[in-house]
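# Structural overview
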Amino acid sequence: LHKSDDSAEHSVINFSDDIDSEPDSRGEFTMASLSKPDMPRDFTVCSAFMVKAWTTDFSAAELFQLMAVDGVYWASVQLFAAETYTELTVQLGQVYFLAPIERVLFPLTWTRVCLSLDTGSGKVGVVVDGLVVQEKIYQEALEEDERRPANMSLVFGCDQLMGQEFTGMTSNLNIFSVALPTSRMVALTEAGGEECGAPG
């Protein structure tokens with residue numbers, strides 16, 4: 001993967017060079033991963049995504065996934081860029097929903113996303129570019145979620161189960177060990193704001 005400096009503070013991981021959705025000589029897809037065995041019970045994951053141009057069959061990308069050691073995905077956020085709107089597909093445990101955004105995703109523009117889980121209230125929150133997109137209740141989070149993996153990895157750029165590689169660039173990855181309030185997620189994803197991209 002090509003890693004380049006976006007600024008003095010943040011790095012960019014570019015997945016655009018190898019998107020043929022074919023395993024390499026070692027049988028692996030182009031991706032990046034971060035082991036997170038101590039993923040807190042409550043959390044917020046934030047990241048930024050950009051494409052130079054859509055070069056795959058569909059204008060879509062996995063922004064990030066939380067994957068168990070056995071390769072099963074427990075959570076994911078996928079972006080689909082239609083001609084007149086943008087849509088996120090969000091899965092977290094047994095919660096699954098589509099979140100339409102009434103704006104077009106343009107190439108060469110960063111899209112900033114935060115996903116949070118508050119196990120006390122069971123609330124799953126999604127904020128994109130300073131806008132609250134969705135809030136749902138994850139019922140299993142109110143009890144002991146038996147399907148939640150004990151050890152996880154964050155995965156970017158690829159859906160290994162579907163054998164898909166995605167174009168685009170990822171930056172500003174931050175993990176917080178609490179479910180941030182909606183107002184903070186708005187501030188973290190609002191372009192040009194003082195807190196935009198603040199570290200977790």
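Now for a description of the structure that goes with this document. (Residues numbered from 1 in each chain as written. Predicted model: local features only at pLDDT ≥ 70, side-chain atom pairs only at ≥ 80, totals over all residues. Heavy atoms only, no water.)

### Comments concerning the pattern of salt bridges
- Enumeration according to the criterion identifies 4 salt bridges in this entry.
- Lys123 is paired through a salt bridge with Glu135; the nearest N and O atoms lie 3.5 Å apart. Placement of Lys123 in strand 10 (residues 123–128) and of Glu135 in strand 11 (residues 131–137) is noted, with a sequence separation of 12 residues between them.
- Taking relative accessible area as the criterion, Lys123 reaches 29% and is therefore assigned partly exposed. (Salt bridge = Lys/Arg side-chain N within 4 Å of Asp/Glu carboxyl O. Helix = DSSP H or I, 4+ residues; strand = E, 2+ residues; numbered from the N terminus. Buried < 20%, exposed > 50% of the residue type's maximum accessible area, 1.4 Å probe, protein only.)

### Considering the nonpolar core
- With 37 residues, the main nonpolar core has Trp74, Leu88 and Leu92 as its most contacted residues.
- Of all elements in the fold, only strand 4 (43–50), strand 5 (60–68), strand 6 (73–81), strand 7 (86–92), strand 8 (95–101), strand 9 (111–118), strand 10 and strand 12 (152–156) reach the threshold of two or more residues within this core.
- Ranked by residues supplied to this core, first place goes to strand 6 with 5 residues.
- In contact with Leu92, other than residues within four places in its own chain, are Phe43, Trp74, Ala75, Leu115, Leu117, Val124 and Tyr138. (Core = buried A, V, L, I, M, F, W, Y, C linked by side-chain atoms within 4.5 Å. Contact = heavy atoms within 4.5 Å.)

### Notes on the sheet that holds strand 7
- With antiparallel pairing, 6 strands are arranged side by side in an open sheet as 3-12-5-6-7-8. Looking at strand neighbours, the two that pair on one side only are strand 3 (32–36) and strand 8, the edges of this open sheet. On average, each strand axis in the sheet is tilted by 10° relative to the strand beside it, whichever way the strands run.
- Where strand 7 and strand 8 come together, 7 bridges link them in antiparallel fashion. Along strand 8, the bridge assignment pairs Thr89 with Leu98. (Pairing = 2+ DSSP bridges. Axes fitted to C-alpha atoms, helices over the stretch in contact; angles between N-to-C directions.)

### Considerations on the state of the cysteines
- In this structure the tally under the stated criterion is 1 disulfide.
- Disulfide pairing places Cys46 opposite Cys114 at an S-S distance of 2.1 Å. Given an S-S torsion of about 105°, the disulfide between Cys46 and Cys114 has right-handed geometry. With Cys46 in strand 4 and Cys114 in strand 9, this pair connects stretches of sequence that are 68 residues apart. Cys114 carries the same exposure label as Cys46, and that label is buried.
- Lacking any disulfide linkage, Cys196 is separated from the closest cysteine sulfur, that of Cys114, by 9.2 Å. (Disulfide = S-S within 2.5 Å.)

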